[in-house]
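Listed below, chain by chain, are the residues.
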2 protein chains.
Amino acid sequence: MAKELKNFTKRSDNYSQWYNELVVKADLAEQSAVRGCMVIKPYGYAIWEKMQQTLDRMFKETGVQNAYFPLLIPKSFLCREAEHVEGFAKECAVVTHYRLKNDPDGNGVIVDPAARLEEELIVRPTSETIIWGTYKNWITSYRDLPLLVNQWANVMRWEMRTRMFLRTSEFLWQEGHCAHATAEESEARTIQMINLYGDFAEKYMAMPVIKGTKSANERFAGALNTYTIEAMMQDGKALQSGTSHNLGQNFAKAFDVTFMNKDNKPEYVWANSWGVSTRLMGALIMTHSDDNGLVLPPKLAPIQVVIVPIYKNEEGLKAISEKVMPIVEELKALGISVKYDDADNKRPGFKFADYEVKGVPIRLAIGQRDLEEGTVELMRRDTLEKETLPIEGIAGVVKSLLDEIQENLFNKALKMRQERTIEVDAYDEFKKKIEEGYFILAHWDGTTETEEKIKEDTKATIRCIPFEGDLTPGTDMVTGKPSARRVLFAKAY
Amino acid sequence: MAKELKNFTKRSDNYSQWYNELVVKADLAEQSAVRGCMVIKPYGYAIWEKMQQTLDRMFKETGVQNAYFPLLIPKSFLCREAEHVEGFAKECAVVTHYRLKNDPDGNGVIVDPAARLEEELIVRPTSETIIWGTYKNWITSYRDLPLLVNQWANVMRWEMRTRMFLRTSEFLWQEGHCAHATAEESEARTIQMINLYGDFAEKYMAMPVIKGTKSANERFAGALNTYTIEAMMQDGKALQSGTSHNLGQNFAKAFDVTFMNKDNKPEYVWANSWGVSTRLMGALIMTHSDDNGLVLPPKLAPIQVVIVPIYKNEEGLKAISEKVMPIVEELKALGISVKYDDADNKRPGFKFADYEVKGVPIRLAIGQRDLEEGTVELMRRDTLEKETLPIEGIAGVVKSLLDEIQENLFNKALKMRQERTIEVDAYDEFKKKIEEGYFILAHWDGTTETEEKIKEDTKATIRCIPFEGDLTPGTDMVTGKPSARRVLFAKAY
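Given the structure is predicted, the values throughout are model-derived calculations rather than measurements. (Residues numbered from 1 in each chain as written. Chains lettered and ligands numbered in written order. Predicted model: local features only at pLDDT ≥ 70, side-chain atom pairs only at ≥ 80, totals over all residues. Heavy atoms only, no water.)

Moving on, we come to the sheet that holds strand β20 (residues 375–380) of chain B. Residues and elements named next belong to chain B. One open sheet holds the five strands; their spatial order is β18-β17-β19-β20-β21, and the pairing between them is mixed. If you trace the sheet from one side to the other, it starts and ends with β18 (338–340) and β21 (386–390), each paired once. This sheet shows a mean twist of 25° between the axes of neighbouring strands, independent of strand direction. Two elements, strand β17 (residues 305–310) and strand β19 (residues 362–367), share six bridges in a ladder whose sense is parallel. (Pairing = 2+ DSSP bridges. Helix = DSSP H or I, 4+ residues; strand = E, 2+ residues; numbered from the N terminus. Axes fitted to C-alpha atoms, helices over the stretch in contact; angles between N-to-C directions.)

Moving on, we get to unusual backbone geometry. Residues and elements named next belong to chain A. Note the cis peptide between leucine 145 and proline 146, where omega equals -5°. When you line up the elements, proline 146 lands in the loop between α6 (128–138) and β9 (147–156). Positive phi, normally seen in glycine, also occurs at alanine 206, with a value near 55°. Mapping alanine 206 onto the fold places it in the loop between α7 (183–203) and β11 (210–213).

A few words now on the packing of helix α3 (residues 42–61) of chain B against helix α7 (residues 183–203) of chain B. Residues and elements named next belong to chain B. At a closest axis distance of 11 Å, the pairing of α3 and α7 adopts a crossing angle of 140°. Here α3 is positioned oblique relative to α7, judged by the angle of their axes. Handedness of the α3/α7 crossing: right-handed. Facing α3, whose interface residues are Met51, Thr54, Leu55, Met58 and Phe59, α7 presents Met193, Leu196, Tyr197, Asp199 and Phe200. Among the residues forming the contact of α3 with α7, the class breakdown is eight nonpolar, one polar and one charged. (Parallel < 35°, antiparallel > 145°, perpendicular 65-115°, else oblique. Left-handed = near helix turned anticlockwise from the far one by under 90°. Contact = heavy atoms within 4.5 Å. Nonpolar A, V, L, I, M, F, W, Y, C, P; charged D, E, K, R; others polar.)

Once chain A has been moved 0.0 Å along the axis and rotated by 180°, it coincides with chain B to within an RMSD of 0.0 Å. The superposition operator between the copies reduces to a two-fold rotation axis. By C-alpha distance to the rotation axis, the residue of chain A lying nearest is valine 95 of chain A, at 2.1 Å. A shared binding surface is used by both copies, with 100% of the interface residues of chain A retained as interface residues in chain B. (Least-squares fit on C-alpha atoms with pLDDT ≥ 70 in both.)

All names here are of chain B. By the criterion of burial, strand β10 (residues 170–180) is predominantly enclosed, with eleven of the eleven residues buried. Alternating residues of β10 divide into Glu170, Leu172, Gln174, Gly176, Cys178 and His180 and Phe171, Trp173, Glu175, His177 and Ala179, and every residue in both groups is buried. In the sheet, strand β9 (residues 147–156) pairs with β10 via ten bridges, with the strands oriented antiparallel. Looking across to β10, one finds that methionine 156 is bridged to glutamate 170. Where β10 and strand β16 (residues 270–277) come together, eight bridges link them in antiparallel fashion. Bridge pairing in β16 links histidine 180 to tryptophan 270. (Buried < 20%, exposed > 50% of the residue type's maximum accessible area, 1.4 Å probe, protein only.)

Structure (structure tokens):
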């Protein structure tokens with residue numbers, strides 16, 4: 001069993017298969033009986049809960065409150081904003097009936113044709129429409145603004161090709177929907193939230209990101225501007241990890257949401273929306289994990305330290321437990337999440353393999369000889385290095401090592417991205433390097449036509465126009481037309 | 001506006017209308033554009049979050065882990081357990097298509113007839129079927145048991161008559177689904193969870209409950225036994241506030257979930273499920289609130305203390321703020337949630353009314369004269385009593401008063417229930433007292449026929465066979481047949 005757990009496809013052999021196996025073997029998620037929908041298993045969900053709690057706290061610190069809006073959206077709502085319906089109405093789950101009845105032929109139940117809805121309802125693919133339909137009643141004066149609301153919810157987009165966490169028909173996310181009195185304030189909030197996502201990604205997920213603006217082609221349907229955080233996965237592909245959209249007055253106009261401004265004149269409200277989803281789980285996995293399984297940054301690990309006793313008989317276990325329990329208490333007092341795994345129906349070797357696959361940052365093992373010598377064996381998951389250390393003061397060692405692992409994971413990921421990010425000026429070179437899995441900074445003439453040609457030729461897309469970086473003008477590598485600056489190209493998930 | 005906020009229908013005039021108005025005026029929720037679905041507004045959601053956090057902690061302390069299962073359930077899954085499908089398949093939202101397309105007539109979008117699902121999907125009304133369909137893959141040996149899993153989710157039941165929080169087509173809830181190796185263990189967990197709900201209701205919601213067993217007629221579809229907590233609302237009606245179901249081996253048999261027991265023999269797994277929902281919000285409102293609006297028990301109040309400054313000019317506000325800020329810090333240090341409302345676009349009178357309607361347990365008001373005299377005015381929401389107190393030491397006073405309010409609310413609710421719970425032996429008396437809004441302990445012959453006759457005659461149902469209480473046998477008040485013991489009757493929400 002221990003062997004089976006560790007018997008992974010290697011990343012270098014088949015990255016995609018490695019990912020799929022890891023998700024299942026680390027007990028994160030599995031395919032459900034419903035096409036394209038996954039079951040998030042307890043261990044995977046515990047990681048997602050840590051993300052949620054952190055993000056929720058960060059949102060609230062900026063004044064955001066949570067609320068909840070209906071799952072089902074009337075079809076007519078989707079149609080109100082012209083671009084939005086184009087982007088979202090096409091692949092969605094449609095509720096047409098509200099009752100089943102016994103099959104007259106005796107074969108279970110069938111849809112009751114008499115219970116057809118007058119207007120079909122759509123399982124929300126995103127909630128701008130229902131929320132702006134609601135805001136109409138909430139906003140009358142500038143005094144009601146800003147309205148800073150978030151919801152944690154499930155959404156559905158009927159995807160043809162799905163992969164667990166990365167692209168599933170149903171996924172969990174948060175969607176923030178803010179309403180402001182001025183364009184400036186709304187833009188500032190849009191930027192604030194993409195920066196917040198960037199901080200979360202870098203400080204908690206230990207995942208370096210490039211922040212920037214999406215090209216018109218990759219914008220959210222109905223937005224004036226979409227900002228994104230883009231991360232590099234270990235295969236060199238980009239993963240869009242969070243977006244924040246400046247919606248201008250589009251949804252206020254579509255749903256007729258006006259307010260009386262300070263000069264007592266009616267004005268349309270300014271909007272933004274922003275979200276991250278369980279896709280972040282995929283990003284987390286693909287940023288740090290290795291051929292032995294999951295690697296978790298300590299700040300998001302449900303179990304930060306596991307302690308495994310190695311004993312021959314009950315008496316031996318008892319002696320070890322007596323030594324270990326005060327350490328467990330000490331670790332807890334330091335705010336560290338610790339598990340003492342003294343289960344006697346699994347061998348230490350199995351436990352070692354299991355916690356390795358599950359990415360527990362630090363493993364302590366303690367046996368009879370350690371007891372005698374006052375030592376403990378420590379393994380850190382990020383480097384797989386083992387050390388024998390004095391048991392005295394081990395809690396303090398663990399605490400600072402967790403910080404070190406967190407930092408090491410970030411630095412490692414950053415180093416990889418830096419090594420695999422290059423400037424390219426010739427299209428042939430571009431094609432070659434994209435195939436090899438690079439982030440490429442290249443000149444672009446600013447047109448959707450060129451962008452689409454590049455996508456067709458190479459599958460690479462413009463991930464973003466980075467907020468930071470070289471602003472020197474140049475020449476588009478495909479058309480030779482003038483380019484204002486380099487933008488970021490990559491193949492993406 | 002202050003007047004308008006307080007201009008409620010009185011409970012004694014129209015209890016139902018009072019409730020509906022309160023939900024809206026206290027900013028808890030509102031009807032959405034989707035029939036039977038509500039929007040939970042930020043203030044209402046903040047109360048629900050407090051409930052969630054507390055329950056989630058209590059669950060986890062008993063070893064429960066969270067997970068997430070799909071929103072949509074294949075129609076065939078619902079049909080697997082015969083009783084279950086009878087109970088749940090009838091009023092549910094049915095997804096039949098997965099795509100919309102542009103209307104050839106140019107009228108927005110229509111359902112694409114080509115995108116019909118082979119098998120219809122049901123928006124989950126509860127998740128036993130999809131979860132037991134999943135557990136089949138998770139359980140092989142007694143070593144995999146018990147499996148203690150909970151999910152926080154939205155569910156849908158297509159209700160014809162809806163009321164916010166009490167009965168909505170979509171609602172939020174948690175559903176726990178445990179799998180055990182023995183019938184005894186599963187029964188013990190079923191009881192453990194109804195006791196946990198009882199503790200939560202009484203200690204956090206300050207809502208006394210009667211715990212007991214449901215009659216066969218009121219059982220969960222597919223359960224051997226359903227346990228319930230029943231609370232009395234201020235109109236004397238009962239509100240079922242949480243249930244825990246012993247499912248025996250019904251779902252294991254329906255989904256063929258077996259395990260190898262310690263004797264290495266295959267056996268069907270034993271199941272239970274348990275849940276509470278946003279209905280608890282309705283219970284909370286109707287237990288404590290009064291003709292002035294919401295009354296919240298301190299332990300679930302998003303704002304426990306509000307401080308309102310009363311000032312004439314900016315200088316006056318500054319002087320007050322200087323005095324108040326250290327108190328705010330002191331209160332926070334005591335773990336008390338405090339809001340200092342120095343917003344200058346609302347008058348103190350409006351703020352007073354608003355926080356009263358919103359049920360903030362304690363209000364402190366401080367004006368120029370208070371500053372001079374070193375005093376503060378304190379109002380407690382439960383009794384509406386005002387007192388002028390020394391500002392020195394006010395944080396300590398607030399802390400113990402919050403405990404006192406919590407206790408007072410519970411005692412008040414308990415007293416009302418005790419006064420309105422009676423034993424009745426004659427059916428005529430029963431009919432009269434039920435109409436007046438009493439909980440009635442009466443003898444019952446144990447048959448569904450009698451239960452249904454009583455329901456038809458009086459609208460009263462058996463709320464439960466209480467765990468505690470008089471076990472003396474007697475005679476059924478309707479049929480004259482022997483009765484094992486008194487059971488609890490009431491009209492119910």
